[in-house]
Number of protein chains: 2
Amino acid sequence: MAKEIERKFLVESDDWRKEVDEQSVIRQGYIASMEDRAVRVRILNQDRARLTIKIGRGGMTRDEFEYDIPVGDAEELLQAAFGTIIEKTRHCIRRGDYTWEVDVFAGAHEGLIVAEVEMDAEDEEPALPDWLGREVTGDDRYSNFALATAGLEGA
Amino acid sequence: MAKEIERKFLVESDDWRKEVDEQSVIRQGYIASMEDRAVRVRILNQDRARLTIKIGRGGMTRDEFEYDIPVGDAEELLQAAFGTIIEKTRHCIRRGDYTWEVDVFAGAHEGLIVAEVEMDAEDEEPALPDWLGREVTGDDRYSNFALATAGLEGA
């Protein structure tokens, strides 16, 4: 099990586009969720897939259990996902010791751009790029889970 | 993904004990569940662990996605399981082309004994051992999920 410690921001300008080191196309969906936990399946660039269990809600830190699974299984699991399949292109930008991930959403959430940075401890203070907008760390409305289930009854 | 096609029975006599080919100790719990699906973690004989997603409820057949995971992860996931951790000893009994699994529950469900047989198709008709009692296939009260969450609000 790993700890996922991250801060999340909206994005204010397009200046990040000049700094992109690499990018990947992500499709993901949720198989189950309850209270503080969610089980997610993700396909990366059509050739790798992962099953992830995240436990802990709100705040910066969550427990994360992540396993590679066959892409064929992931496709079948995505068909059983509830809510919307999230499609986004992830852009990685390395700055000092940190990697910023800028997710540009497509499909149902076209127009949304969110930047995240993963840290090793909650008290780290990565330098914040100028192109960041408002911080939304811990704001469940911007969780991928909320985006996948927006509009669902009870979600 | 595999299809899990199985029939399940209560057990009427102890005669199965003479036929046991092998046995293993199982601890398992549920990480999440929704409607027709459940995510389960299981530790076998303290030295192997698996994460399983089952989709489909009632009836004989469910989709099953199963992955080996590190035992240490499984122990941590069990701590995050909701409801009761199920403890049981599984006894395998081979009869012709079929393997019967007789689960003797311990802990919260001490006294319960359930026998299952896995098949390749719903129309197969494995010979039924004399020691079987009432069939409970599709009876959700005897699902391991129901046993794990018995007494929980809303379960």
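Here is a short report on the structure shown in this document. Being a predicted model, the structure only gives us computed values, none of them experimental.

The subject of this paragraph is the pairing of strand β7 (residues 98–105) of chain B. All names here are of chain B. Most of β7 sits inside the fold, with 7 of its 8 residues counted as buried. Bridge analysis of strand β6 (residues 82–95) against β7 gives 8 bridges, and the strand direction is antiparallel. Considered in β7, the bridge of H91 is made with V102. Between β6 and β7, which pair antiparallel and follow one another directly, the connecting turn spans 2 residues, one of which, G96, has a positive phi of 60°. Pairing analysis gives 5 bridges linking β7 to strand β8 (residues 113–119), with the strands arranged antiparallel. Residue pairing for β8: W100 is matched across the bridge by V117.

You can see A:A32 is positioned in strand β2 (residues 22–34). By relative accessible area, A:A32 is classed as buried at 0%. Placed 55 residues apart in sequence, A:A32 and A:E87 show a C-alpha to C-alpha distance of 18 Å. In this view, A:A32 contacts A:A38, A:V39, A:F82, B:A32, B:M34, B:R37 and B:V39; residues no more than four positions away in its chain are not counted.

Interface extent is often summarised as the accessible area lost during association of the parts. Counting from both sides, the interface comprises 20 residues of chain A and, opposite them, 20 residues of chain B. Interface area lost by chain A to chain B is led by A:M34, A:R37 and A:Y67, which between them contribute 27%. Summed over the shared surface of chain A and chain B, the result is 0 salt bridges. Taken together, the links from chain A to chain B amount to 6 residue pairs in polar contact (both at pLDDT 80 or more). Elements that contribute at least two residues to the side of chain A that touches chain B include exactly β2, β3 (37–44), β4 (48–55), β5 (61–68) and α1 (71–79) of chain A. Top contributing element to the side of chain A that touches chain B by residue count: β2(A), with 4 residues. Counted by class, the side of chain A that touches chain B contains 16 nonpolar, 1 polar and 3 charged residues.

With that settled, the discussion passes to the nonpolar core. In terms of nonpolar packing, the biggest core is built from 34 residues, with A:L77 and B:L77 touching the most fellow members. Non-local contacts of A:L77, meaning those with residues more than four positions away in its chain, are made with A:I31, A:V41, A:I69, B:I53, B:I55, B:F65 and B:Y67.

What follows deals with the relation of the copies chain A and chain B. A rotation about an axis combined with a shift along that same axis relates the two copies of the chain. When chain A is fitted onto chain B, the two copies agree to an RMSD of 0.0 Å after a turn of 180° and an axial shift of 0.0 Å. Here the transformation between the copies is reduced to the relation of a two-fold axis. Every residue of chain A has its C-alpha some distance from the rotation axis, and the shortest such distance is that of A:A32, at 3.1 Å. Same-surface contact between copies: 100% of interface residues of chain A are shared with the interface of chain B.

Let us look at the side chain of A:K8. Along the chain, A:K8 falls in strand β1 (residues 2–11). Contact partners of A:K8, with chain neighbours within four places excluded, come to A:V114, A:A115, A:E116, A:E135, A:V136, A:T137, A:Y142, A:S143 and A:N144.

Per the stated rule, a full pass over the model turns up 8 aromatic pairs over all chains. Aromatic pair B:Y30 and B:F145: ring centres 5.2 Å apart, planes at 85°, arrangement edge-to-face. Here B:Y30 is found in strand β2 (residues 22–34), whereas its partner B:F145 is found in helix α2 (residues 144–149), with 115 residues between them in sequence. Each member of the pair, B:Y30 as well as B:F145, carries the same accessibility label: buried. Through successive ring pairs, a cluster of aromatic residues spans A:F9, A:W100 and A:W131.

What counts as what
Residues numbered from 1 in each chain as written. Chains lettered and ligands numbered in written order. Predicted model: local features only at pLDDT ≥ 70, side-chain atom pairs only at ≥ 80, totals over all residues. Heavy atoms only, no water. Buried < 20%, exposed > 50% of the residue type's maximum accessible area, 1.4 Å probe, protein only. Helix = DSSP H or I, 4+ residues; strand = E, 2+ residues; numbered from the N terminus. Pairing = 2+ DSSP bridges. Contact = heavy atoms within 4.5 Å. Buried area = accessible area lost by both parts, 1.4 Å probe. Salt bridge = Lys/Arg side-chain N within 4 Å of Asp/Glu carboxyl O. Polar contact = N/O pair within 3.5 Å; in protein donor to acceptor, adjacent residues only side chain to side chain. Nonpolar A, V, L, I, M, F, W, Y, C, P; charged D, E, K, R; others polar. Core = buried A, V, L, I, M, F, W, Y, C linked by side-chain atoms within 4.5 Å. Least-squares fit on C-alpha atoms with pLDDT ≥ 70 in both. Phe/Tyr/Trp six-rings, centres within 6.5 Å; stacked < 30°, edge-to-face > 60°.

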